[in-house]
Amino acid sequence: MYANSEDHFLPDPERHAEFYEGVTMKRGLAWVVDVILTAIITAMIVPFTAFTALFFLPLLYLCVSFAYRVLTLASASATPGMRLMNITFLTRNGEKFDFAHAFLHTLGYTLSIGTLLVQVLSVFLMATSSRGQGLSDHVLGTVAINRPR
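Described in the following lines is the structure provided in the data block. Quantities reported herein were computed from a predicted structural model and do not represent experimental measurements. (Residues numbered from 1 in each chain as written. Predicted model: local features only at pLDDT ≥ 70, side-chain atom pairs only at ≥ 80, totals over all residues. Heavy atoms only, no water.)

**What to know about helix H1 (residues 23-45)**
Residue pairs spaced three or four apart in an α-helix point in one direction, given the helix's 3.6 residues per turn.
And step 1. Given a rise of 1.5 Å per residue, 23 residues ought to cover 33 Å, and the 32 Å separating the end C-alpha atoms of H1 matches this to within 8%.
And step 2. For H1, the complete set of buried residues consists of Val23, Arg27, Ala30, Asp34, Thr38 and Thr42. (Helix = DSSP H or I, 4+ residues; strand = E, 2+ residues; numbered from the N terminus. Expected span 1.5 Å × (residues − 1). Buried < 20%, exposed > 50% of the residue type's maximum accessible area, 1.4 Å probe, protein only.)

Following this line, the structure appears as structure tokens:
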């Protein structure tokens, strides 16, 4: 998609700054939207368990969140919150996420939110790296960008 020798096929943050402009803030806002949608889905499931899910609600929420993120990232390379904020993910080859990338990125996200220090590091990296990449993005070579028009 955006070939250059050093950074594979991703937009260069200096030559194509418009792809990264405001993405960190948009990711934060998208996260809030996705948390709310995940909570609504979780709440809708609870009555179908005869309310026994209330005894393991955090685990149910975690499972719903994981499935929500994997399925939406795999289908559109963005969660509904990200689509609302007009951002999308690309692989290191400049392609949209497939199921494997969606699964691995979600696994990295889930592991990072489970540990405060790792999550703080991830947010710090998003705020300071030239491409706004979090820890999972750095490990996988993925990037969130403003969706090309």
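**Structural notes on the pairing of strand E1 (residues 87-90)**
And step 1. Of the two faces of E1, the one lined by Ile87 and Phe89 and the one lined by Thr88 and Leu90 are each fully buried.
And step 2. For E1 and strand E2 (residues 143-146), the ladder comprises four bridges, and the chain directions are antiparallel. When the bridges of E2 are listed, isoleucine 87 appears paired with asparagine 146. (Pairing = 2+ DSSP bridges.)

**Describing the pattern of salt bridges**
And step 1. Summed over all chains, the structure comprises one salt bridge.
And step 2. In this structure, aspartate 137 and arginine 27 form a salt bridge, with 2.8 Å as the shortest nitrogen-oxygen distance. Pair noted here: aspartate 137 is in helix H6 (residues 135-140) and arginine 27 is in helix H1, with a separation of 110 residues, a long-range link. Of the two residues, aspartate 137 and arginine 27, both sit in the buried class. (Salt bridge = Lys/Arg side-chain N within 4 Å of Asp/Glu carboxyl O.)

**Things to note about the layout of surface pockets**
And step 1. Estimates place the volume of the largest pocket at around 400 Å³.
And step 2. Lining the largest pocket are 22 residues, and of these Arg27, Trp31, Tyr109, Gln119 and Met126 lie nearest its centre.
And step 3. Listed by contribution, the elements that provide at least two residues to the lining of the largest pocket are H1, helix H2 (57-76), helix H4 (99-113), helix H5 (116-128) and H6.
And step 4. Here the lining of the largest pocket gets six residues from one element, more than from any other, and that element is H1.
And step 5. Here the residues of the lining of the largest pocket are counted per class, giving nine nonpolar, nine polar and four charged. (1 Å grid on protein atoms, 1.4 Å probe; cavity = no way out; pocket = protein on both sides within 12 Å on 5 of 7 lines; lining within 4 Å. Points joined across faces, edges and corners; volume = space filled by probe spheres on them. Nonpolar A, V, L, I, M, F, W, Y, C, P; charged D, E, K, R; others polar.)

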